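# What the coordinates show
So the chains spell out like this:
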Amino acid sequence: MNYPPIERLQSGDSEAWDIVFEWLWPKAIYISRQVLTPLAPSDAEDVVIEAFTSLFERIHKVYSTESLPSLLVAITRNHARSHLRKLSAIKRGYSKTIPMNIVLEEQLPSQEETPLESLATEELFDLLEQIRLELPERTARYIHEYYIEGLTRRDIAECYGVSVHTVSGNIRRGLRVLREKLKYKVICTDDLPFRMRNR
Amino acid sequence: MRDELLELVMNKATGRASDEDLRRIDSILELEPHLWDDYNQWHQEIPALRGVICLAAATTEHQHQLPEQIRMKLRARMRTALSRSQPNYDRLMELVNTPPDPQLSWRWAVTPAVSLVAIVVISLVLFNNRPDAESAAQTEVANNQPSEATVSIAPVIQVALLDTVGVTRGADDSTRSQFQKAWPAVEVRQFNSSAEFRDWFIQWPAARGSVCKIFYNQGSGELKLIAKINGEEKAATFALKNDVSELSQIIQQAQARLVEWMQ
């Protein structure tokens, strides 16, 4: 599918944005539901709308339409996590005040998170872009369906019309790519595993 | 063999490893003992790896259909965002991020003071230069009705609450009632999204007199005053120190500051 050039989006072309809304919505709502389903599933759509609003505000800094899925997924993931933390703060009765600029930016630090979760939107976007450039879309799907959705390799092979051998090879190579990108981005290679990069 | 081991570790961590997989892990580690370090580290990295698998898959997702009402909302947001001039948003962030500077208060006072002196001097000069007849007639009129100069233009005050989780909090809204009580003649607007709030913030009413925006962020417990008085911008921030029980106190402080500015 041909997506509109970034210049049309930056100029606020409604037709171009309609195409992009259709294209990006499934990606954003998927990740929003992934994060919010355990605690606030009904907020998933609102979070995505807010994420799109952030995307509109950053669109002049984006160089290519192909990067938009990575950027929107990164923004949505961080908005959703931030939303969960706010709900958690409400349950605690506003015992902790949060600076206004943090609320407006919707970027909250967390004390209980993995190195991946602690990535700021720009860092996460960068990681997803690196993965997009090296990991074929179909391989990403194979890995997700196998490890997260729990399908067998045979199921996946039949679904995509390829051999089980192809699926296995793709999963193995894909895992290596993901692990390398993750390591480069968030995990130090010194003696202490999982030390976060300075931000 | 390293790639194979990573795959087997992932299988094991996600509960997909067969007995054969587990035996294979043992045999690889026996054959290549230097892989023990990798093996241990990968176990720690599994949560992050699972996370990145989900994110990478999300960028390829295409099955959910965009509801029509959401498309309309997105269009509206897009038009607002891409037609809004950037400097306004920058100005908001600058005001929000800058802590109140005590030195500014006396600096701001200099310009209005100089202006006031200038107006008095010009008025005296004009008064002394008026023809007597005209002066007498005008004095008579002034005795019967107030002149335009003596009619004070009431300041325009706008009050808003920013509560990005207001929908989930429900109808219990003592915060709003406190603000309504403090400024009874003013409609207290409530915003659940920062984007809508920004729209409200950057739109200043066209008024001849002073204009003041008062907004309270329920998430941060900060009450801000931004005013345009005689062409000068003024800003002040009042924050809750401990909890929301101090809200009435900071509202009173804000009212006092506003009165001070207006004088």
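Remember, it's a predicted structure, so these values are computed and weren't measured experimentally. (Residues numbered from 1 in each chain as written. Chains lettered and ligands numbered in written order. Predicted model: local features only at pLDDT ≥ 70, side-chain atom pairs only at ≥ 80, totals over all residues. Heavy atoms only, no water.)

### Some words on the interface of chain B and chain A
With 68 residues of chain B at the interface, the matching set in chain A holds 74 residues. Buried surface at the junction of chain B and chain A, both sides included, amounts to about 6,600 Å², of which 64% is carbon and sulfur. Of all residues in chain B, Glu-7, Arg-16 and Leu-55 of chain B bury the most surface against chain A, accounting for 10% of the area lost on that side. Counting across the interface, chain B meets chain A through eight salt bridges. Across the pair Glu-7 of chain B and Arg-153 of chain A runs a salt bridge, and its minimum N-O distance is 2.3 Å. For the pair chain B and chain A, the interface holds 15 residue pairs in polar contact (both at pLDDT 80 or more). Mapped onto the side of chain B that touches chain A, the elements with two or more residues apiece are helix 1 (2-13), helix 3 (36-58), helix 4 (68-83), helix 5 (86-97), helix 8 (166-169), helix 10 (194-202) and strand 3 (211-217) of chain B. The leading source of residues in the side of chain B that touches chain A is helix 3 of chain B, at 16 residues. Residue classes in the side of chain B that touches chain A are distributed as 29 nonpolar, 21 polar and 18 charged. (Contact = heavy atoms within 4.5 Å. Buried area = accessible area lost by both parts, 1.4 Å probe. Salt bridge = Lys/Arg side-chain N within 4 Å of Asp/Glu carboxyl O. Polar contact = N/O pair within 3.5 Å; in protein donor to acceptor, adjacent residues only side chain to side chain. Helix = DSSP H or I, 4+ residues; strand = E, 2+ residues; numbered from the N terminus. Nonpolar A, V, L, I, M, F, W, Y, C, P; charged D, E, K, R; others polar.)

### A look at the environment of Ser-18 of chain B
Mapped onto the elements, Ser-18 of chain B comes out in the loop between helix 1 and helix 2 (19-31). Spatially, the C-alpha atom of Ser-18 of chain B lies 9.5 Å from that of Leu-8 of chain B, the residues being ten residues apart in sequence.

### Points about helix 1 of chain B
Structurally, the α-helix is built with 3.6 residues per turn, so residues lying three or four positions apart point the same way. With twelve residues, helix 1 of chain B should reach 16 Å at 1.5 Å per residue; the first-to-last C-alpha distance of 16 Å fits that figure. The set of residues buried in helix 1 of chain B consists of Glu-4, Leu-5, Leu-6, Glu-7, Leu-8, Val-9, Met-10 and Asn-11 of chain B. (Expected span 1.5 Å × (residues − 1). Buried < 20%, exposed > 50% of the residue type's maximum accessible area, 1.4 Å probe, protein only.)

### A short note on the sheet that holds strand 3 of chain B
All names here are of chain B. Ordered in space as 2-1-3-4-5, the five strands form an open sheet in which the pairing is mixed. Only two strands of the sheet have a single neighbouring strand rather than two, namely strand 2 (188-191) and strand 5 (232-239). Across the sheet, the mean angle separating the axes of adjacent strands is 15° when strand polarity is ignored. The sheet contact formed by strand 3 and strand 4 (residues 222-229) spans seven bridges and is antiparallel. Residue Cys-212 lies in a different strand from strand 4, and its bridge partner there is Ala-227. Helix 10 contacts strand 1 (156-162), strand 2, strand 3 and strand 4 of the sheet and is inclined by roughly 165° relative to strand 3. Sitting on the sheet, helix 11 (residues 247-262) touches strand 1, strand 3, strand 4 and strand 5, and the angle it makes with strand 4 is about 10°. (Pairing = 2+ DSSP bridges. Axes fitted to C-alpha atoms, helices over the stretch in contact; angles between N-to-C directions.)

### A few points about the packing of aromatic side chains
Residues and elements named next belong to chain A. Under the criterion given, the structure shown has 13 aromatic pairs over all chains. Members of the aromatic cluster, each reached through a chain of ring pairs, are Trp-17, Phe-21, Phe-52 and Phe-56. The ring of Tyr-146 carries Arg-153 above its face, with NZ or CZ at 4.6 Å from the centroid. (Phe/Tyr/Trp six-rings, centres within 6.5 Å; stacked < 30°, edge-to-face > 60°. Lys NZ or Arg CZ within 6 Å of the ring centre and 35° of its normal.)

### Let's talk about the nonpolar core
For soluble globular proteins, the rule of thumb is that nonpolar side chains tend to be buried together. Among the nonpolar cores identified, the biggest contains 43 residues, and Leu-116 and Leu-178 of chain A together with Leu-5 of chain B are the most heavily contacted of them. Among the elements that line this core, the one with the most residues is helix 3 of chain B, at ten residues. Those residues in contact with Leu-5 of chain B that lie beyond four places of it in its chain are Ile-25, Ile-28, Leu-29, Leu-35, Tyr-39 and Trp-42 of chain B. Phe-21, Trp-23, Ile-29 and Val-35 of chain A belong to the second largest nonpolar core, which has 34 residues in total. (Core = buried A, V, L, I, M, F, W, Y, C linked by side-chain atoms within 4.5 Å.)

### Looking at the packing of helix 7 (residues 137-148) of chain A against helix 3 of chain B
Two measures define how a pair of helices packs: the angle their axes make with one another and the distance between the axes. Contact geometry for helix 7 of chain A and helix 3 of chain B: axes closest at 9 Å, N-to-C directions at 130°. With respect to helix 3 of chain B, the element helix 7 of chain A is oriented oblique. As helix 7 of chain A runs across helix 3 of chain B, the sense of the crossing is left-handed. Residue-level contacts link Ala-140, Arg-141, Ile-143, His-144, Tyr-147 and Ile-148 of chain A of helix 7 of chain A to Arg-50, Ile-53, Cys-54, Ala-56 and Ala-57 of chain B of helix 3 of chain B. Considered class by class, the residues forming the contact of helix 7 of chain A with helix 3 of chain B number eight nonpolar, one polar and two charged. (Parallel < 35°, antiparallel > 145°, perpendicular 65-115°, else oblique. Left-handed = near helix turned anticlockwise from the far one by under 90°.)

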